[in-house]
Amino acid sequence: MFLRLIENGGYITLVNYDINKTGKKVTISTDKIKRIFLEFKRDYQLWIMVLPAIIVIFIFNYIPMYGIQLAFREYDFTKGIVGGKWVGLKYFKQFINSYQFERLIRNTLAISISSILVGFPAPIILALLFNQVKNQRYKKVLQTTVYLPHFISTTVMVGLLVVLLSPNTGIIGKMLRLFGLDDVNLLGNTSTFVPVYVLSDVWQHAGWGSIIYLAALSSVDPQLYDAAKVDGASKWRMIWHIDIPSLVPTMVILFILSMGGILSTGFEKVYLMQNGLNITVSEVIATYVYKIGLLSNQYSYSAAIGFFNTVINFSFLVITNWVARKIGNISLF
Amino acid sequence: MLSLSKGKSLSDVLFDAIVYLLCALIFLVIAYPVYFVVIASISDANLVAQGHVTIFPKGVSLFGYQKVFEDERIWIGYRNTIIYTILGTTFSMILTLPAAYSLSRPEFRARRFIMFFFAFTMFFNGGLIPTYILIKNLGLDNTIWVFVIPFAVNVYNLIVTRSFFENSIPKELYESATLDGCSHFRFFTSIVLPLSNAIISVIALYYIVAKWNDFFTGLIYIRDKNLVPLQLVLRDILIANQVFKEGVGLGGEAGGYAQRYADAVKYAIIIVSTLPVIVFYPFVQKYFEKGVMIGAIKG
């Protein structure tokens, strides 16, 4: 049995091995404890550095997962999370049978699917476009400008919509009047709520979303373009045959991630855009969970709806990931 | 392919023209609303409401800013948010950077498991109510600590930082440092951190923006008026239209008149509340594309 430091890909690693009769290295399981101890001795500083983060994540992300059982219990304010009577799927049934169920699912899906349909291609198109701007100064100014709205808070964003879209005093509201949309209150209308939500989201975040695609484009081998030029390819064809294929892996990963949020809409923006006039299309699962749980104190019912939401999202993530792996051999995990 | 004789073909010239036209259009669509808010905030409220202010400010008036600076709600919110942002960002950085370093060390055997432990929380969580009950039980609700301690580690930022350490710190540095008897603590503080300005600025900006713009935490956990963060004050003023403490008169000619002045205050407050974040960002921008994003999404 040998125990020594070997160089492993540039790193000094402690390896415990034996040489058997065929001359192959075989790690020895009987010395596992010893190895773990030695490794710990070597790595204890790494443990100390990662431990605070582990503790915070454990407390604030994992302990609430334990609290999910609330959805299956009758919450008792005096007994806490685990003290209440077990009621099984009562609250899930209550939710599915409630008159709100269909509307909430429909509204949530309407917002998130339109967001994906419009919001997913937008950054890709921007990146392809910006990548064609050869003048570095223009490009810099353009990028600085389109990234900027991303830093505006949701509250200010909705505030902006309120002042700019106002039919009486807002500049965009006035412009729309020129197109014959007279006195339409875009924020207080059931048919304009989703378009306003989605388009303002694209306005705010598409530029920022293009960064990741631009980074992918900047790593394309320039020889590919040279070769295409020699073959007489036009710029359109270079985009189609070089740029877009090089973005596919990034697209797939981001698409999987967005499918993982299919039943989630940003709580803040929807909540802030809600008003009495649009509530029939703007009440989504996230806002309903908040209202039922924290405003009406029906903890168990709210936890059940929240858990239902998480499970659907998680399933979509796993399914999309599986499909992407089968078809394109690209996956998140 | 029309001609190869003089460098550019017709279709390529057309192509460039379309590219520049579209870029100009996008620039206008993004920049104009922002520009409009700036000029509207320093123009006369009546002229803005009548639509006379389009390209240049008219009838310069600082009425909106004056009202903003007189409003103590904004001062309280501003003060609180500055405190929360500084404390929160500092705490988050102290947790994220060392953890990212540990997870970037290839010889650290537990790193795969720990990475999974972190990344899982990006896709699965306990939900609002269990989290709320936990934070209440810990006594963090309605204190400034609710802005600092829970969710101090953003897993996405952690992964981005880890990838940066993995790809940008030359392996030879660690080898030679260990030969000289350098520990991980020393190596991290005196070699890794000084080499990581790019990632430190970017991650700090992400945390600062997230904390500055956080509305949710205040909405859920804060009841004390003196602890309210800026974003909640903004909600009251910008969206709930509680611009003047007396309230805006509704309906009739007088109501419309008051609303014009209310809008002037809103334009000013949008500028005042967003400026601190916007001024930092151009300094950090140069780092955004430089390897910070690439390879980052794959956990």
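Quick caveat: nothing in here was measured; it's all calculated off a predicted structure.

### A word on the overall build of chain A
Then, number 1: Counting its secondary structure elements, chain A contains 14 helices and three strands.
Then, number 2: In terms of overall dimensions, chain A is more spread out than a globule: its C-alpha atoms have a radius of gyration of 27 Å, far above the 20 Å expected for 333 residues.
Then, number 3: For chain A, restricting intrachain contacts to residue pairs at least 6 apart in sequence, the fraction spanning at least 24 positions comes to 59%.
Then, number 4: Carbon and sulfur atoms make up 65% of the accessible area of chain A, which amounts to about 16,500 Å² in all.

### Re the overall build of chain B
Then, number 1: For chain B, the count of helices and strands is 13 helices and zero strands.
Then, number 2: When the elements of chain B are put in sequence order from the N terminus, they spell out α-α-α-α-α-α-α-α-α-α-α-α-α.
Then, number 3: Within chain B, the proportion of its 299 residues that are buried is 53%.
Then, number 4: Within chain B, contacts between residues at least 6 apart in sequence are counted, and of these 69% link residues at least 24 apart.

### Describing the interface of chain B and chain A
Then, number 1: Taken together, the contact pairs 101 residues of chain B with 99 residues of chain A.
Then, number 2: Both faces combined, the contact of chain B with chain A buries some 9,400 Å², and carbon together with sulfur accounts for 77% of it.
Then, number 3: The interface formed by chain B and chain A includes two salt bridges.
Then, number 4: As a salt-bridge pair, Glu39 of chain A and Arg109 of chain B come within 2.5 Å of each other at their nearest N and O atoms.
Then, number 5: In this assembly, chain B and chain A are joined by 16 residue pairs in polar contact (both at pLDDT 80 or more).
Then, number 6: Here the side of chain B that touches chain A gets 19 residues from one element, more than from any other, and that element is helix α1 (residues 10-41) of chain B.
Then, number 7: For the side of chain B that touches chain A, the per-class residue count stands at 72 nonpolar, 16 polar and 13 charged.

### A few points about the domain arrangement of chain A
All names here are of chain A.
Then, number 1: Here the domain parsing of chain A yields domain 1 (2-79) and domain 2 (90-328).
Then, number 2: Across the boundary between the two partners, domain 1 contributes eight residues, which contact nine residues of domain 2.
Then, number 3: Here domain 1 meets domain 2 over a buried area of about 740 Å², counting both sides, of which 69% is carbon and sulfur.
Then, number 4: For the domain 1 face of the interface with domain 2, the top three residues by lost area are Ala71, Glu74 and Phe77, together amounting to 50%.
Then, number 5: Run the count over domain 1 and domain 2 and you get one salt bridge.
Then, number 6: With its nearest N and O atoms 3.2 Å apart, the salt bridge here joins Lys90 to Glu74.
Then, number 7: For the pair domain 1 and domain 2, the interface holds five residue pairs in polar contact (both at pLDDT 80 or more).

### What about the environment of Ser112 of chain A?
Residue and element names in this part refer to chain A.
Then, number 1: Tracing the sequence through the fold places Ser112 in helix α3 (residues 100-119).
Then, number 2: Looking at Ser112, the relative accessible area reads 6%, which means it is buried.
Then, number 3: For the pair formed by Ser112 and Gly80, sequence separation is 32 residues and the distance between their alpha carbons is 35 Å.
Then, number 4: Those residues within four positions of Ser112 in sequence are excluded, and the remaining contacts are Gly261, Ile262, Ser264 and Thr265.

The rules behind each value
Residues numbered from 1 in each chain as written. Chains lettered and ligands numbered in written order. Predicted model: local features only at pLDDT ≥ 70, side-chain atom pairs only at ≥ 80, totals over all residues. Heavy atoms only, no water. Helix = DSSP H or I, 4+ residues; strand = E, 2+ residues; numbered from the N terminus. Rg over C-alpha atoms; globule rule 2.2 N^0.38 Å. Contact = heavy atoms within 4.5 Å. Areas by Shrake-Rupley, 256 points an atom, 1.4 Å probe, with all protein chains shown as cover. Buried < 20%, exposed > 50% of the residue type's maximum accessible area, 1.4 Å probe, protein only. Buried area = accessible area lost by both parts, 1.4 Å probe. Salt bridge = Lys/Arg side-chain N within 4 Å of Asp/Glu carboxyl O. Polar contact = N/O pair within 3.5 Å; in protein donor to acceptor, adjacent residues only side chain to side chain. Nonpolar A, V, L, I, M, F, W, Y, C, P; charged D, E, K, R; others polar. Domains from an automatic or database assignment.

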